[in-house]
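Reading the structure
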Number of protein chains: 2
Amino acid sequence: VDTWLVNGQVADAVPVSDRGLAYGDGLFETIAWRGGQPRFFGLHMERLAEGCRRLGMPAPIEAQLLADMRAAAGHQQRGTARIMVTRGSGPRGYAPPPQPAPLRVVAFFPAGALVTEVALPAASVRMCRATVSVNPLLAGLKTLGRLDHVLARAEWSDPQIAEGLMRDPAGHVVCGTMSNLFAVRDGRLLTPELNRCGVRGVMRRVVMRAAQDLGIDVAEVFLSDDDIVKAEELFLTNALIGVRPVAHFEGRPYAIGPVTGALRRVLGANVEECRA
Amino acid sequence: VDTWLVNGQVADAVPVSDRGLAYGDGLFETIAWRGGQPRFFGLHMERLAEGCRRLGMPAPIEAQLLADMRAAAGHQQRGTARIMVTRGSGPRGYAPPPQPAPLRVVAFFPAGALVTEVALPAASVRMCRATVSVNPLLAGLKTLGRLDHVLARAEWSDPQIAEGLMRDPAGHVVCGTMSNLFAVRDGRLLTPELNRCGVRGVMRRVVMRAAQDLGIDVAEVFLSDDDIVKAEELFLTNALIGVRPVAHFEGRPYAIGPVTGALRRVLGANVEECRA
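Residues numbered from 1 in each chain as written. Chains lettered and ligands numbered in written order. Predicted model: local features only at pLDDT ≥ 70, side-chain atom pairs only at ≥ 80, totals over all residues. Heavy atoms only, no water.

1. Quick word on the overall build of chain A
A tally of helices and strands in chain A yields seven helices and 16 strands. When the backbone C-alpha atoms are referred to their principal axes, chain A occupies close to 55 × 40 × 35 Å. Relative to its 276 residues, chain A shows a buried fraction of 59%. Carbon and sulfur atoms make up 53% of the accessible area of chain A, which totals about 10700 Å². With 31 positive and 28 negative side-chain charges, chain A shows a separation of 2 Å between the mean positions of the two kinds. (Helix = DSSP H or I, 4+ residues; strand = E, 2+ residues; numbered from the N terminus. Buried < 20%, exposed > 50% of the residue type's maximum accessible area, 1.4 Å probe, protein only. Areas by Shrake-Rupley, 256 points an atom, 1.4 Å probe, with all protein chains shown as cover. Lys, Arg positive; Asp, Glu negative; His and termini not counted. Charge placed at Lys NZ, Arg CZ, Asp CG, Glu CD.)

2. Some remarks on the interface of chain A and chain B
Listed by partner, the interface residues are 60 residues for chain A and 60 residues for chain B. Of the roughly 4400 Å² buried between chain A and chain B, counting both surfaces, carbon and sulfur atoms make up 70%. At the junction of chain A and chain B, the tally comes to zero salt bridges. Linking chain A with chain B are 16 residue pairs in polar contact (both at pLDDT 80 or more). (Contact = heavy atoms within 4.5 Å. Buried area = accessible area lost by both parts, 1.4 Å probe. Salt bridge = Lys/Arg side-chain N within 4 Å of Asp/Glu carboxyl O. Polar contact = N/O pair within 3.5 Å; in protein donor to acceptor, adjacent residues only side chain to side chain.)

3. Structural notes on the relation of the copies chain A and chain B
Taken as rigid bodies, chain A and chain B are interconverted by a rotation of 180° and an axial shift of 0.0 Å, the fit giving an RMSD of 0.0 Å. This pairing of chains is accounted for by a two-fold axis. Take the interface residues of chain A: 100% of them recur as interface residues in chain B, which is what a same-surface contact looks like. (Least-squares fit on C-alpha atoms with pLDDT ≥ 70 in both.)

4. A look at the side chain of serine 179 of chain A
Residues and elements named next belong to chain A. Position of serine 179 relative to the elements: it lies in the loop between β10 (173-176) and β11 (180-185). Taking relative accessible area as the criterion, serine 179 reaches 7% and is therefore assigned buried. There is a polar contact of 2.7 Å between the side chain of serine 179 and the side chain of glutamate 163. Sequence-distant contacts of serine 179, defined by excluding residues within four places in its chain, comprise Glu163, Leu236, Thr237 and Asn238.

5. Considering the environment of alanine 63 of chain A
Topologically, alanine 63 of chain A is positioned in helix α3 (residues 62-73). Distance from alanine 63 of chain A to arginine 153 of chain A, taken between C-alpha atoms, is 34 Å for residues 90 residues apart in sequence.

6. Details of helix α2 (residues 41-55) of chain A
Over its 15 residues, α2 of chain A runs 21 Å from end to end, which matches the ideal 21 Å to within 8%, given 1.5 Å per residue. In the core, the buried residues of α2 of chain A are packed alongside β4 (26-34), β5 (37-38), α3, β6 (78-86) and α5 (202-213) of chain A together with α4 (147-153) of chain B. At the exit of α2 of chain A stands glycine 56 of chain A, carrying a positive phi of roughly 70°. (Expected span 1.5 Å × (residues − 1).)

7. Description of the sheet that holds strand β7 (residues 103-110) of chain A
All names here are of chain A. Pairing within the open sheet is antiparallel, and its six strands lie in the order β2-β1-β7-β6-β4-β5. For this open sheet the edge positions go to β2 (9-10) and β5, each flanked by a neighbour on one side alone. Judged from the four bridges that link them, strand β1 (residues 3-6) and β7 form a sheet pairing that is antiparallel. Pairing of threonine 3 across the sheet is with phenylalanine 108, part of β7. (Pairing = 2+ DSSP bridges.)

8. Examining the nonpolar core
Core analysis: the largest hydrophobic core is formed by 102 residues, its most contacted members being Met69 and Ile83 of chain A together with Met69 and Ile83 of chain B. Setting aside its immediate chain neighbours within four residues, methionine 69 of chain B contacts Ile31, Trp33, Pro38, Phe41, Ala81, Ile83 and Val106 of chain B. Within the second largest apolar cluster, 20 residues are counted, among which are Met127, Ala183, Leu234 and Phe249 of chain B. (Core = buried A, V, L, I, M, F, W, Y, C linked by side-chain atoms within 4.5 Å.)

9. Focus: the sheet that holds strand β1 (residues 3-6) of chain B
All names here are of chain B. Taking strand neighbours across the sheet as the criterion, the six strands line up as β2-β1-β7-β6-β4-β5 in an open arrangement whose pairing is antiparallel. Here the strands that pair on one side only, and so sit at the sheet edges, are β2 (9-10) and β5 (37-38). Together, β4 (26-34), β5 and β6 (78-86) form the strand contacts of helix α2 (residues 41-55), whose direction differs from that of β4 by roughly 175°. The sheet contacts of helix α3 (residues 62-73) involve β1, β4, β5, β6 and β7 (103-110), and relative to β7 the element is tilted by about 35°. (Axes fitted to C-alpha atoms, helices over the stretch in contact; angles between N-to-C directions.)

Everything listed is a geometric property; what it means functionally is a separate question.
This is the structure we're talking about:
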């Protein structure tokens, strides 16, 4: 069963006046729990701290989050941890309280309902009509306002479709609803630049580093539909799935090529050991 | 004291797994409570219903919301009601549950802490650096994801500054942090078009109608900084403040001109009677 902690205590509710609910005034992290530990915890904490800094709210104490996750996971070796941090409650209105009392929510979801990322087959992927929200101020962060992703994910229910790609309103391909996107063209590894929208995934960062270590040329670019169609390889990343090749995009087949293969060899089955 | 009802019951908490908190997956309305009644209730319900339709979730029952507001307000004649509607709880992940059980939150804030809109002096207004998020899919709606407005409102604490204007990332002036914006140029009433971002305020709609009734030419346009600087009149609207003239914008003085005056005469002091 799922376990939730609110400010360190097992709880099933949060204050109705919380600004996370009222305004999406907060951030979250979704973390793979492997071997009884959070994977890439340091990278998740870096992104969370950067988000808190950009939102002008105090960052949570890492040791508290870790203790919460351990309490929520108990003896379970495998699952998914979710951390939410909000600016807490305050009087009505957008103005942040001068002395915020942030809310800290940690959830643990056992692996039972999850597939194992190393066993994930190459994915069938579609294009979504729903676009990603553009705001340089929030770009890269995993804020609690994700309605654009919800609407994109609501576009299909076919379980054979693993993911949908989203464009920004200008038509650039930015990400999957729950993943970052990589494409290989002419042997170069390309991924959308995320200075105006999108979430800078922890696994995206791990993959970019690993590619550089392998001597693969990596670039953050504006990706067009044409780049996707002409890509030699396509794959998706997130903290839970690791590197997942795309087998079909809108019916078009893609091979699991040498770049994806090399990254999977380094990160795939052994992703547990690749701590940042 | 503030009173909160969750699904019709007095409560101080919501389920920790609610998608409104997790993803901003919901909508809200802020409603002026005047003479023991919600003002412009029909218009608020229209916007809420349109939002639910666009979000693909069931719309709440108006009679229930009205009963909730009455229960929360009790015998109080004046205050602010807030309605939040979320897609409710569900399993982890963006995909909406096929049979959502929406959450309905109604809050009543007594008028004690509020100023009376007819007594509001003309406002001093600044420009914010924080930009409005762009997404045609969500444009016009009052979704629970309002972090852009929070960050804009966090830019000043001087109580002499009543409001800050926000631009979209392309540089068009779109709105105030908690209000819609109108400018008069060459006798025409201009307001930002909101097909890509911003919230279509109930009072904005009331003002546009009233202007048409008065034979004033109204247009939804892209507003530039130059339009603001050269405007003969500027005013702000929202459900609580009605029509509030801008006296200074970034130190530049503005007169309360004939268009603002005419609209205030029709709507201002008598705004209670102008039910839609």
